[in-house]
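Residue-level listing of the chains:
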Amino acid sequence: LITFFTPKVLAGKRVLITAGPTYEAIDPVRGITNRSSGKMGFAIAQAAQQAGAEVTLISGPVALETPRGVLRIDVQSARQMLEAVQQQAGAADVFIATAAVADWRPASMADAKIKKAEGEATPGLQFVENPDILATIAHSPRAESGQLYCVGFAAESENLVEYATAKRRRKGVPLLVGNIGPNTFGQDDNVLTLFDDSGHVELPRASKQVLARQLLLEIAARLPRRQ
Ligand code: CTP
Ligand code: CA
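Structural notes, computed from the coordinates.

What counts and how
The residue numbering used here restarts from 1 in each chain and proceeds along that chain's sequence as written. To read the labels, note that chains go from A and ligands from 1, taken in the order they are written. Local features in a predicted model are, by the rule used here, given only for residues with pLDDT of at least 70; side-chain atom pairs are given and counted only at 80 or more, and totals for whole chains, interfaces and linings are based on all residues. Calculation of side-chain values draws on the structure's entire complement of heavy atoms; hydrogens and water are dropped beforehand. Here a strand is any run of E in DSSP of at least two residues, a helix any run of H or I of at least four, and the numbering for each starts at the N terminus. Only heavy atoms enter the contact rule, under which two residues are in contact if any of them lie within 4.5 Å. By nonpolar core we mean a set of buried residues, namely Ala, Val, Leu, Ile, Met, Phe, Trp, Tyr and Cys, connected to one another through side-chain atoms within 4.5 Å. We call a residue buried when its accessible area falls under 20% of the maximum for its residue type, exposed when it is over 50%, and partly exposed in between, using a 1.4 Å probe and counting protein chains only. As a rule, the C-alpha atoms of each element are fitted with a line to give its axis, helices using only the stretch in contact, and angles between N-to-C directions run from 0 to 180 degrees. Note that the term roughly parallel is reserved for angles under 35 degrees, roughly antiparallel for angles over 145, roughly perpendicular for angles of 65 to 115, and oblique for everything else. With the far helix as reference, a near helix turned anticlockwise by less than a right angle produces a left-handed crossing, and one turned clockwise produces a right-handed crossing. All residues other than Ala, Val, Leu, Ile, Met, Phe, Trp, Tyr, Cys, Pro, Asp, Glu, Lys and Arg, Gly among them, are scored as polar; the first ten of these are nonpolar and the last four charged. Proximity is defined per residue: any heavy atom of the residue falling within 4 Å of a molecule or strand makes that residue near it. Areas reported as accessible are Shrake-Rupley estimates using a 1.4 Å probe. Residue values count occlusion only from the protein chains shown. Counting of polar contacts relies on pairs of N or O atoms within 3.5 Å, with two restrictions inside protein: one atom must be capable of donating a hydrogen and the other of accepting it, and residues adjacent in sequence are counted only when both atoms are side-chain atoms.

Digging into the side chain of Asn190
- Mapped onto the secondary structure, Asn190 falls in strand 11 (residues 189–196).
- Beyond its immediate chain neighbours, meaning those up to four positions away, Asn190 contacts Asn179, Thr184, Pro204, Arg205, Ala206, Lys208 and Leu211.

Here it is, written out as structure tokens:
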């Protein structure tokens, strides 16, 4: 029922969303990823479309249907996700980073499948840090001049208020959405805490669909008004 009565609070807005995990290749058949299901990001994409926005969803590998009316761009690695986001961010009014981006990737990808050989040492993986997509976009001129409103997510396993408050400042975003994980990965419901420069408020346990709508109402209320 609620979908029929979704207020069009994002009419005329372009919303860019990242979702899911990233996949960082070790060799052509192996890689490193994480347990993000993408459900929260896809729920936000659907809710934003229903709220009247033009939505672009940049997704890592997930097993989810594309929400109706949403433009989806599939990527694998963090660097591909950054490139896709940078191509789209110039036209966006809102950027919501829900993706569980791999913090590190193997320093180099083997061109061929790494073979095991009797008596040989196990391969030692070297890592390098991935680019921070959210921080990169949040520090762009469009974001810093208030034309692009950036929203981050943070799953913490402990000390949510302390870590999320610090993370919001570090990322340079006006709004950061925190939750206690990783037990929320793959679940259909969640509890979200919104951190902004006036403190934090909790959105109590609800389905990711309901939370997505509530979050978008909060975001819409924070967007600069048109003259
Ligand atoms: N994020 C991103 N690019 C990265 C890492 C994170 O865009 N390379 C985004 C996530 O999509 C999320 C926010 O930054 O919106 C916070 O991600 P998180 O992993 O919680 O923060 P990190 O800075 O990576 O800190 P840590 O994992 O050490 O807690
Ligand atoms: Ca991280």
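From this point, the discussion proceeds with the structure in view.
Considerations on the nonpolar core
- In terms of nonpolar packing, the biggest core is built from 35 residues, with Leu10, Ile44, Ile96 and Ile219 touching the most fellow members.
- The element contributing the most residues to this core is helix 1 (residues 39–50), with seven residues.
- Those residues in contact with Leu10, other than ones at most four positions away along the chain, are Val15, Ala48, Ala51, Gly52, Ala53, Leu216, Ala220 and Leu223.
- Counting 25 residues, the second-largest nonpolar core is a separate cluster that includes Ile58, Ile133, Ile137 and Leu160.

A closer look at the packing of helix 1 against helix 6 (residues 208–222)
- Two numbers describe how helix 1 lies on helix 6: the axes approach to 8 Å, and their chain directions differ by 55 degrees. Our classification of the angle between helix 1 and helix 6 gives oblique. The handedness of the crossing between helix 1 and helix 6 is right-handed. Of helix 6, the residues touching helix 1 (which contributes Lys39, Met40, Ala43, Ile44, Ala47, Ala48 and Gln50) are Lys208, Gln209, Leu211, Ala212, Arg213, Leu215 and Leu216.
- Class assignment for the residues of the contact of helix 1 with helix 6 results in nine nonpolar, two polar and three charged.

A few points about the site of ligand 1
- Not every one of the 14 residues close to ligand 1 is listed here, only the nearest: Ala97, Ala99, Leu134, Lys167 and Lys171.
- Across the complex, the protein chains shield 76% of the 570 Å² of accessible surface that ligand 1 would expose by itself.
- For the shell around ligand 1, the elements supplying multiple residues, two or more each, are helix 3 (133–138), strand 9 (149–156) and helix 5 (160–171).

A short note on the environment of Arg142
- Along the chain, Arg142 turns up in helix 4 (residues 141–144).
- Exposure remark for Arg142: the relative accessible area of 23% places this residue in the partly exposed category.
- The sequence separation of Arg142 and Ala91 amounts to 51 residues, and the corresponding C-alpha distance is 9.8 Å.
- Among residues more than four places away in sequence, those in contact with Arg142 are Ala89, Gly90, Ala91, Ala92, Gln147 and Leu148.
- Looking at Arg142, its side chain comes within polar contact range of the main-chain oxygen of Gly90, at 3.3 Å.

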